[in-house]
Every structure is written in C-alpha cells, then in structure tokens.
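# Per-entry structural report
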Amino acid sequence: MRTLLTALTAALLASSANADTLITNINGIQADDQGQLQHFNGLVIGDDGKVRQVLQHVELVRMAGITRTIDGGGRTLLPGLIDGHGHVVDLGFYALRLNVTGSASLSELQQRLRDYAAAHPDVKWIQGGGWNQELWPDKKFPTAADLDAIVSDRPVVLERVDGHAYVVNSAAMKAAGVTAATPAPHGGEIHDGVFVDAAKQLLDKVTPEPTDAENDQALAKAQEILLSVGVTGVGSMSTRVADWNAFNRAGRAGRLNVRLMAYLSGTESMAAVPHPTGWLYGDRLRASGIKLFADGALGSRGAWLKKPYADSPGSSGLQFHSDAEMIALADRAAAAGFQVATHAIGDAANAQIIGVYEQLSKKYGANRRWRIEHFQIVDPADIPRLAPAGIIASMQPTHQTSDRLMAEARLGTNRLAGAYAWKTVLKAGAKLAFGTDFPVESPNPFPGLAAGISRQDVEGQPPGGWMPAERLTLGESLRAYTRGAAYAGFAEDKIGSLEPGKWADFIIVDRDPTEVDAQSLAKTQVLETWVAGKKVFSRASAASPAERGQ
Ligand SMILES: [Zn+2]
C-alpha cells in the first residue's frame, strides 16, 4: 500500500502542470494479460486524451494537478471493446439498404422487398441482404423467380447473411449477362438465381459502385452504430480501396471516432496501398494487413472440409487456392510488410493455412502475428500448431451460438471436437481475439462476451451450454474482446486496456458483468462511450437507439 501511494503521489505531482481530469466513484473492471479481472475506482486522464493513472484508492490520495473531476455515480466502467473482425462500411450499408435479417420465411423476405421497393421507387438497383434460409420452415434457398414475383422492373441483389451468396432476380441476371446455361466460375456455384462465393463476382462486376458520398454516409452510420454498443476499435476486414479512401477522408476531417485497423481486400489492393501505413489521425487509422480467403462458409456449404459434408455426401466444400497459390499470396503481402489475415472456416482450409503460415514463419518469424479469421471447424490435431508459428485465432463467439444446429447438420455430431474451440485454443498457448464479423452478426459485443462464458445464445439456449468445456472465464472472454483484439492488430501499446500512456477509450455500462448471469450480461446497455478522453456517445442524448438486432 505504501509503495502504491508513493508511486501515485509522485506520478500526480509530475503531471501537475497539465489539465487532468479525474473520473472518480466508478466500478472499473478490466482484464489483465493473464485473463484475470482487475478492479479500479478512479481514472486520471490527461488533456492529450491518454490515461495518466488507474487508481485503486482514489479516496486516500490528495489529487494534485486535477482541474476537473467527474463523479461516475458508482457506475461500471470498462475499456472500450475492440471487435477483431468486422466489415465497417458494409455495416453502414446494411443499415441504409434493404435489410431482410431475421426473415422467418420466404414470404416475409418477399414482403420486406415489396415494402422497400414501394418506398424507394428511385433506387435503380435494389441491394441488401441478411436472409438465411436455415431459419425458414423448408430451409430451401430462395430463387430468382421468388424475387421476380415481387420486383421485375429493376435488378434486385440480396446477399445471404454470411456474405457468401447472393439471390438475384432475372433483371439482375440479365444485366450481368448470365443465363441458366452460364457455367459457374472456379470456386463458385450458380443455381436458380443463387450465386455462391466466386460466382458472386459476376454480379459485382455490373452492380453500380457506391459513390464517395454514399461510402461516407455508410461509414458515418457504421460509427454511430458501433459507438452505441461500446465498440471503440475494429479490425476492419476486407477493406476495399474505396473504403480506405472513405476512412482517410473521415480521418482528415476529424470524423473518425472508432479506431480502425484496416486489412485490405486481397493482394490486388496493394496496387493502391502498397505498404502498411503507420498510425494516422491520432491513432485512429492504420493499414495493417491484407485479408485473404482459403474457403467459403458453412451455411452455403462452401467451407472446405477434410471429409464430405454429413448432409451433402458428394461435397467437401470449396478449396479456393492450391497450397502453392496460397503461399504465394501470403508471401507477397508479408514481403511488403503487411500482416496476413486469412479467412478459414473448414478443417481442411484451416490445416492448409496453418501449413502456409508455418512455412512463412520460417522466413519472417512468428512475430508477424499471422491471423486466421473464424477458425471455426478445426481438426483438434491442428490446434497445437498455432502457438509455435505465432498464429492468432480470430474468432466470433456469436457465430457459435448462431451456427450450432447448422454445424451439427453439416458435420454430424462426432466431428465437432475442434469446433468453435476457444478454451482449447487458449490451453494450447495461442492468442485469441474476439469479434462479431458484423454485419453477418449484430456488432453488439455483449451477446458475444456472454456466449464466451456460457456457450449459450441470448435466450439461454441450449441449457448448460453447447460443448460447455469450451466456456471461458469472464476475464478470458473480456480479454479476447479487448487486449486480445488489440494484440491481433499490433495495437496493444495503444488500446485494449486502461493503463498509463494508452488512450482513454472506455465505456460506461448499466450493469456489473461480474454480478449478473450470462443472459443478463448479453443484454448490457452502453450508457456512454468515450474515445481519447472525450465522450462520443451518450444514451441519454441519443435521439433513438441506433444498434441493430436489439
Ligand atoms: Zn468477415
């Protein structure tokens, strides 16, 4: 105690020339590097927006150099949450375009399309998404004819909830020059107006690009949504060059409030952004890495598996690249200094990319922090290979709760030992980062934090949790959503915890996560969000709750 007080007093005296803010009377909680919870009740923030001191005994110290004191009212304060994997501009477009998320049947999707088309007669291409035929009674994919029945005068392109397929109407197929006889490109499939994985590009080629103004509007909307759910940093995945330009416009204009670690979409982006950038705009933006893909997704049976699908024995999914191609792509990004983040869902794709990273870590070392995005279905024998090669598992806990029944159908119950295996990853000594993959899932991190400790969805299903041995402690789950996601973005010296010298990015929430059960934790409301010591969201002053999927 004596040592602590002496250190505090010295630090406070040293900073007394500054205009510091003391936030007192708070129930501060954060995860340490070991995944243990740390408690604190005061925070001193410098006028540079960085943390000066984290205090355990505010009431015992006479504060020198404090020019402003804020009474936290005993409320719970957490570090700003970092989503390790999200699609920022897409989140904005999801909110601004036709959103059919949660449609419980084809006819509900059709009704939403009918309403949107009537309300937006001037929109020349109707775009949107969020459908999931797994939620429908017959689980049948929608078809072009299903959309034609509602809108036939202009193209309609609706993305599946996982981002790995479109369903389009005949007008869109005509615009793309596609007929029933068009063969699917390698790595894709076409059936009845559904375009899976590589076949999506046939539509992308003809869909009008969003204008700069539309991208700016989507980014602004996305930031509003993220800050309202307590997300102050994001690993911005599959960042298009147009997105990168929008991020920079916002940065220059002082309109970036969420810190973005950008992973540019494919090595082709390197023509426009040839090397990683340092931190820009007060540590608000950085080009960190290149995002690659090893396979598709489980929902559309595009995930590449070691053995055929249990519910489609003729198929083992889609292998996107040969080993040699995959090494060449990752090597090209790494040679330019980029971090490499590769999407891998199936056990074969994960084994392939682990092998690629093992090879490259011999050349570049393990501290390139090779990332595997999703790491969803993994052969348990491959998990111990992560740590020696410095491979980070970037995982999304709400994928587990959303996908569990589908995963059981796709794989059968006896091939799930390495599925969504967070605890096994940690036990194997590897680093774990959490996120949501928004807008595939809601960007709200609290259902994910709760799933992390319960393996249950927001309704508490299934009782006892799905494969409960993979549950984390609250400290481990919070660490994955803060320090873990910061580490995965080479940002742990800036964000992810409240410590002297790091940014004062924090949130105030309406409940203490250590005192509630997982179902209540999932329903946590963010009352305030602060970035660099400034309040950027307040629920009290928000005109309407902006978050999706609440
Ligand atoms: Zn993603």
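Below, the structure is looked at part by part. (Residues numbered from 1 in each chain as written. Predicted model: local features only at pLDDT ≥ 70, side-chain atom pairs only at ≥ 80, totals over all residues. Heavy atoms only, no water.)

### Some details on the overall build of the chain
Quick note on the threshold: Secondary structure elements follow DSSP: runs of H or I of four or more residues count as helices, runs of E of two or more count as strands, with numbering from the N terminus. Radius of gyration here is computed from C-alpha atoms only, and the compact-globule reference equals 2.2 Å multiplied by the residue count raised to the power 0.38. Burial classes: relative accessible area under 20% of the type maximum marks a residue as buried, over 50% as exposed, and values in between as partly exposed (1.4 Å probe, protein chains only). Should any heavy atoms of two residues lie within 4.5 Å, those residues are counted as being in contact.
Tallying secondary structure elements over the chain gives 16 helices and 22 strands in all. In terms of C-alpha radius of gyration, the chain reaches 23 Å, essentially the compact-globule figure of 24 Å for 550 residues. Dimensions of the chain, computed from C-alpha atoms along their principal axes, come out at roughly 80 × 55 × 50 Å. Here the chain holds 550 residues, and the buried ones make up 58% of them. Partitioning the contacts of the chain with sequence separation of at least 6, the portion at a separation of at least 24 is 73%.

### Examining the sheet that holds strand β19 (residues 432–434)
Strands belonging to one sheet form pairs held by backbone hydrogen bonds; the direction of such a pair is parallel or antiparallel. Test applied: Between any two strands, pairing holds if DSSP finds at least two bridges. Lines fitted to the C-alpha atoms define the axes, with helices restricted to the stretch that makes contact. Angles between their N-to-C directions range from 0 to 180 degrees.
The strand order β6-β13-β14-β15-β16-β17-β18-β19 describes an open sheet built from 8 strands, whose pairing is parallel. Unpaired on one side and paired on the other, β6 (81–86) and β19 mark the two borders of the sheet. Adjacent strand axes in the sheet meet at a mean angle of 25° when their direction is disregarded. Strands in contact with helix α9 (residues 323–335) are β15 (285–293) and β16 (339–344); relative to β15, the strand with the most contacts, it is inclined by about 170°.

### Observations concerning the sheet that holds strand β9 (residues 156–160)
With respect to topology, 6 strands assemble into an open sheet ordered β7-β8-β9-β10-β12-β11, the strand pairing being mixed. Of all strands in the sheet, those bounded by a partner on one side alone are β7 (98–99) and β11 (188–191). Strand direction decides the pairing type here: strand β10 (residues 165–168) and strand β12 (residues 194–197), joined by 3 bridges, are antiparallel. Considered in β12, the bridge of A165 is made with V196.

### A short note on the layout of surface pockets
As a reminder, the rule being used: A cavity here means a set of 1 Å grid points, computed over protein atoms only, where a 1.4 Å probe fits but cannot escape. A pocket is an open set with protein on both sides within 12 Å along at least 5 of 7 lines, and lining residues have an atom within 4 Å of a point. Grid points are joined across faces, edges and corners, and a volume is the space filled by probe spheres set on the points. Only Asp, Glu, Lys and Arg are considered charged in this grouping, and only Ala, Val, Leu, Ile, Met, Phe, Trp, Tyr, Cys and Pro are considered nonpolar; every other residue, Gly among them, is considered polar.
Taken as a whole, the second largest pocket holds about 410 Å³ of empty space. For the second largest pocket, the lining is made up of 15 residues, of which R97, V123, W125, Q127 and E214 are closest to its centre. Looking at the lining of the second largest pocket, the elements that each hand over two or more residues are α2 (88–96) and α7 (212–228). Its residues assigned to classes, the lining of the second largest pocket comprises 7 nonpolar, 4 polar and 4 charged.

### Details of helix α10 (residues 347–364)
What counts, and what does not: Every helix has an expected span of 1.5 Å times one less than the residues it contains.
The terminal C-alpha atoms of α10, which comprises 18 residues, lie 25 Å apart, in line with the 26 Å expected from a rise of 1.5 Å per residue. Every buried residue belonging to α10 is among D347, A348, A349, N350, A351, Q352, I353, I354, V356, Y357, L360 and S361, and all of these are buried. For α10, the elements touching its buried residues are α9, β16 and β17 (371–374). With its phi angle positive at about 90°, G365 sits one or two positions after the end of α10.

### What to know about the environment of W370
The cut-off we apply is this: We define a polar contact as two N or O atoms separated by no more than 3.5 Å, with the added condition that, inside protein, one atom must be a possible hydrogen donor and the other a possible acceptor, whereas residues neighbouring each other in sequence contribute only through side-chain atom pairs.
Relative to the elements of secondary structure, W370 occurs in the loop between α10 and β17. Look at W370 and you get buried, because its relative accessible area is 0%. Sequence spacing of W370 and L474 is 104 residues, and the spatial spacing of their C-alpha atoms is 26 Å. In this structure W370 touches A334, V340, Y357, L360, S361, Y364, G365, A389, G390, I391 and I392, once residues within four positions along its chain are discounted. Among the polar contacts made by the side chain of W370, one reaches the main-chain carbonyl oxygen of G365 at a distance of 3.5 Å.

### Focus: empty space enclosed by the protein
Taken as a whole and judged by the stated rule, the model has 4 cavities of 30 Å³ or more. One number sums up the size of the largest cavity: a volume of about 50 Å³. Here the residues of the lining of the largest cavity sort into 5 nonpolar, 4 polar and 1 charged.

### Remarks on the coordination of the zinc ion
For clarity, the threshold we go by: Because no water is among the atoms considered, metal sites can look incomplete, with donors defined as N, O and S atoms within 2.8 Å of the metal, or 3.2 Å for Na, K and Ca.
Within the protein, the atoms that donate to the zinc ion are H85 (NE2), H87 (NE2) and D437 (OD), at distances of 2.1 Å. Written as a sequence motif, the donor residues of the zinc ion are H-x1-H-x349-D. Comparing H85 with H87, the two get one shared label, buried.

### Things to note about the side chain of D162
If you trace the backbone, D162 turns up in the loop between β9 and β10. Its relative accessible area of 15% is what places D162 among the buried residues. Separated by 2.9 Å, the side chain of D162 and the backbone nitrogen of H164 make a polar contact. In this structure D162 touches A297, G299, S300 and V440, once residues within four positions along its chain are discounted.

### So, the packing of α9 against α10
Using the following cut-off: Here is the rule for angles: anything less than 35 degrees is roughly parallel, anything more than 145 is roughly antiparallel, 65 through 115 is roughly perpendicular, and the remaining ranges are oblique. In this scheme the handedness of a crossing depends on how the near helix is turned from the far one: anticlockwise by less than a right angle means left-handed, clockwise means right-handed.
Orientation of α9 relative to α10, taken along the N-to-C sense of each, is 45°, at an axis distance of 10 Å. Overall, the two elements α9 and α10 adopt an arrangement that is oblique. For α9 against α10, the interelement crossing comes out right-handed. Between α9 and α10, the contacting residues are D323, M326, I327, A330, D331, A334 and A335 on the first element and Q352, I353, V356, Q359, L360, K363 and Y364 on the second. Among the residues making up the contact of α9 with α10, the classes are represented as 9 nonpolar, 2 polar and 3 charged.

### As for the nonpolar core
How we decide: Buried Ala, Val, Leu, Ile, Met, Phe, Trp, Tyr and Cys residues form a nonpolar core when they are joined through side-chain atoms within 4.5 Å.
In this structure, L298, I372, F375, L386, V425, L432 and F446 are the most contacted members of the largest nonpolar core, which totals 111 residues. Ranked by the residues each element gives to this core, the list is headed by α10, at 7 residues. Ignoring anything within four residues of it in the chain, the contact list for L386 reads I354, I372, F375, I391, A393, V425 and A430. In terms of nonpolar packing, the next biggest core, distinct from the first, is built from 17 residues, L113, Y116, V167 and V194 among them.

### Here's the deal with the side chain of Q376
Within the fold, Q376 resides in the loop between β17 and β18 (392–395). For Q376, a relative accessible area of 3% puts it in the buried group. Leaving out residues up to four positions away in the same chain, Q376 has contacts with L298, A344, I345, N350, H399, D403, G418, A419 and Y420.

### Digging into the packing of aromatic side chains
Test applied: Whether two aromatic rings pair depends on their centres lying within 6.5 Å, for rings of Phe, Tyr and Trp, where Trp uses its six-membered ring; planes under 30 degrees apart make the pair stacked, over 60 edge-to-face, and the rest tilted.
Tallying each qualifying case throughout the model produces 7 aromatic pairs. Each ring, one from W131 and one from F141, has its centre 6.1 Å from the other, and the planes form 80°; the classification is edge-to-face. Of the two residues, W131 is situated in strand β8 (residues 126–131) and F141 in the loop between β8 and α4 (144–148); the sequence distance between them amounts to 10 residues. Look at W131 and you get buried, because its relative accessible area is 0%. F141 gets classed as partly exposed once you look at its relative accessible area, which sits at 21%. The interplanar angle of 70° and the centroid separation of 6.0 Å between the aromatic rings of F434 and Y481 together place this pair among those described as edge-to-face.

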